[in-house]
Structures are given as structure tokens and as C-alpha cells.
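So you can see what is in the structure, the chains are spelled out below.
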Amino acid sequence: MAEVRVFPLTCAVQNYAWGKIGLSSEVAKLVVSGDPLAVIEDGKPYAELWMGAHPKGDAQIKDNRITQTTLGQWIAHFPACLGSKVKDTFQGQLPFLFKVLSVNTALSIQAHPNRDLAARLHAQFPEHYPDNNHKPEMAIALTRFQGLCGFRPVEEILGFLKCVPEFHALVGNEAAEELRCSVGDVVRTSQVLKKCFTRMMNCEKKVFVDQLNMLVKRVTEEGAAGKDTSSSNGDLLLRLHSQYPGDIGCFSIYFLNQVVLDPGQAMFLGANEPHAYLYGDCIECMACSDNTDASDPCVSLYDPPVPDFTVMRIQVPALVKQYTVAPVDSASILLIIEGDATATSAAALSDITLRRGTVLFVSANESISLHIISQSGMTIFRACCLL
């Protein structure tokens, strides 16, 4: 019998506490749309949908003609599905993990190591760093999405040090003055910024809790009196403090850029870049710009400065009823966000029904023909590795 090389997946859901609850979560909506028999619990958080072969959330294969149970097992059995370059470069592993995130409360601040540091940390402290790979990430907004990403321009940080005495107290006079004197020297500013940030994050608990309580009290009173609290970033401060009272991360808003993405906009999070997601729903791709592809006006390409992954957004207009998903020399994972279609492929051996929430694995160099049924067109996200 011929080998099936295009097939649907059932993907792992992660119920982290910060996720949106029940059907307010885009993750939950996609799961139940893709599988009407899925049960969504009203009071349960649905934080992440993992689409890939990660050992902690390996996707299940939804095709009873295939003997392997999971995507990871199938790839291990048929590594050529990855594409020759990808297979050789990434030692027979799918190099990306594709996700949907539904964020209700802020995530903790993270900064992921680069590839060399990740390997060293894994070798020395495997219990704390179980993965030896680096973890660059890209987030593409599905709804209005808010996050913190990278250090603010130094002038903005100096402005907060001047206007927010509680913040200044944690950084200290000496470090604040050192930062002020570094303006104009990019390398020096970067070094001092990291020093100031580390000093604040390592501050003695009683000191930062006292300063945070004073800051929250002051901003609350100023807001109640009708005063403008924007010079203290008051609205975001009170929101984060209500979610995580007494947490040092509340002060990070004075160091990090606040980013708001409209649907379709993206941000790339490179190695050692401090970041935290605050609220909203997004597509995320990570290692395991937004440019239009001139060869296909339906495709927008999100191509980050790392080789591990690329994401495409395919938007098929309402009037188009036949569309071909072009082959690439890489395995792909497709997620249907909107629309209904029947998919045919020589590598599928039978038709596949696509609807919102369907996840499809496509082996390298295979194309898919879509017969679109929905009246409003289709929106599909595709993750792959374009070496």
C-alpha cells in the first residue's frame, strides 16, 4: 500500500493557569471547532495548543491507516518527510513547535539562551535546563495582543527613574547615574541596562515589596483624585499588581517596551531578549518581519532571522473556490483558522475535510488542492522550515 504523507492531527492542549477560561479561549474554540466531540470545561484554563512532535506534547495522528500513533514516531520512521536539507541540518527532528496561545493573565518575564549557552546549561544543569536547543520565538496576533518585549529606549527608562521614585529606589542612585552617563554609547548603555535590570530583579524581597506597596498606593490615590498616572504607567501597573500582588515583575514595565499587536502583526523574540506576554491570542512558532510573497498574493510570509522556522499566513479571498497549497522542501503543519474546504493530495490517498481548528501535517514537497466550500474564503497558518 502507498505511504500516506498528508494527514490530520489531534494536538496537545496545555492548561496553564494563565490561560483564558473555557470558551473565552481561542485555543478551546479551535479545539471544539476541529472536533465537535471535544469537551471544554467552563472553569478550566486553555492556554496553549501544541502542534508538533515535542516529547511533552506529541501530536496524535488521526488516520487509522497509519500504524504509528504520534507524529514524532512517524517522523522517526519516515525522516525523509522532513525534506533532505531539514533532515540533515536538524538530525532527523522536526525543528519547530507550532502553537496557539490564549493569554488571560501575564506570563513571567523570560529571556531564552542562545544555542551555545543552551547546550552548555543543559550539559551542566540538566535538571533545570532539560533542553539543549535554543528557543527563539515569533508571535503573530490573532486578536489584539499585548506584551512586553526588549528594553525601552534609554531616554524612556531615565524618564521613569525621574518620575517614579519607588522605581529609582530599587535601581539605586549609583546605577541610575551610570545609566544617564552612558547615553550616546550604545555598547555601554546595553551593559549598564542589563546591570540595572539585574540589580532590580535581585533586590531583597522586603525592599521591593515595600516600594511596590508605596507605588500602588500612590498611583491608586492619584487615579482616584482624577490625576493622570501615565508618567508612572499607572494603568498597566495596577493591572499587573492585581494579578500578581507583591511581584517584582510589576516594576519591569519601566524597563521593557509595551507592545500592542493588531491581528496579523508579529514580533520576534531573539535570544537573551527579556519578554512577557500580557493578554490576547496569538500564533507562536519557536525552535524545538511581515513580508508579502510576490509569487502568491494570498500568502504573507513571517520570516524571522533564524533558520529553524518560517510561518506563512494564507488568506484565500471569498471569490476563489480552488486554491493550491504549494509544495516546499520542508515538512509543514497547517492550522485552519477560518473557512471550510475539501483537501485532496496524491499523498493523502483520500479526501480530507478541513474546517476551523483542523490541523494538518504535510510532508516535504507535497502539494494540496483545496476545494473551498465556505462563502467567506479561508485563513490558514502554515509553519515550515525554509533553509
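Please refer to the structure higher up on the page.
We now turn to the structure provided with this report. (Residues numbered from 1 in each chain as written. Predicted model: local features only at pLDDT ≥ 70, side-chain atom pairs only at ≥ 80, totals over all residues. Heavy atoms only, no water.)

**Details of the pattern of salt bridges**
Taken as a whole, this structure holds 16 salt bridges when the rule is applied. Measuring nitrogen to oxygen at the nearest pair gives 2.7 Å for the salt bridge that ties E366 to R5. Ionic pairing is found between E166 and R218, a salt bridge with its closest N-O pair at 2.9 Å. With E166 in helix α6 (residues 165–171) and R218 in helix α9 (residues 205–224), the pair connects residues that are 52 residues apart, well separated along the chain. Accessibility expressed as a relative area gives 7% for E166, which makes it buried. (Salt bridge = Lys/Arg side-chain N within 4 Å of Asp/Glu carboxyl O. Helix = DSSP H or I, 4+ residues; strand = E, 2+ residues; numbered from the N terminus. Buried < 20%, exposed > 50% of the residue type's maximum accessible area, 1.4 Å probe, protein only.)

**Some words on the state of the cysteines**
What the rule picks out here adds up to 0 disulfides. Residue C149 stays outside any disulfide, its sulfur separated by 12 Å from that of C282, the closest cysteine. Using a relative accessible area of 13% as the deciding quantity, one classes C149 as buried. Of the cysteine sulfurs around C163, a residue in no disulfide, the closest is that of C196, at 17 Å. Using a relative accessible area of 39% as the deciding quantity, one classes C163 as partly exposed. (Disulfide = S-S within 2.5 Å.)

**Brief notes about the sheet that holds strand β19 (residues 352–354)**
In sheet architecture, strand pairing relies on hydrogen bonds along the backbone and comes in two forms, parallel and antiparallel. One open sheet accounts for 4 strands, arranged β16-β21-β18-β19; its pairing is antiparallel. The open sheet is flanked by β16 (322–325) and β19, the only strands paired with a single partner. Strand after strand, the sheet turns through a mean of 30° between neighbouring axes, direction not considered. Both strand β18 (residues 341–344) and strand β21 (residues 368–372) contribute to a ladder of 4 bridges, which runs antiparallel. Across the sheet, the residue bridging to A343 is L370, located in β21. (Pairing = 2+ DSSP bridges. Axes fitted to C-alpha atoms, helices over the stretch in contact; angles between N-to-C directions.)

**Topic: the nonpolar core**
Counting residues in hydrophobic clusters, the biggest one holds 43 residues, and the most contacted among them are F98 and F361. Judged by nonpolar contacts, the second largest core, of 36 residues, contains A106, A176, L193 and I253. (Core = buried A, V, L, I, M, F, W, Y, C linked by side-chain atoms within 4.5 Å.)

**Side note on the packing of helix α7 (residues 173–181) against helix α8 (residues 186–201)**
Between α7 and α8, the least distance of the axes is 9 Å, while the angle of their chain directions is 160°. By the angle between their directions, the pair α7 and α8 is classed as roughly antiparallel. Between α7 and α8 the crossing geometry is left-handed. Facing A175, E178 and L179 of α7, the residues of α8 in contact are R188, T189, V192, L193, K195, C196 and R199. Split into classes, the residues belonging to the contact of α7 with α8 amount to 5 nonpolar, 1 polar and 4 charged. (Parallel < 35°, antiparallel > 145°, perpendicular 65-115°, else oblique. Left-handed = near helix turned anticlockwise from the far one by under 90°. Contact = heavy atoms within 4.5 Å. Nonpolar A, V, L, I, M, F, W, Y, C, P; charged D, E, K, R; others polar.)

These figures capture arrangement, not role.
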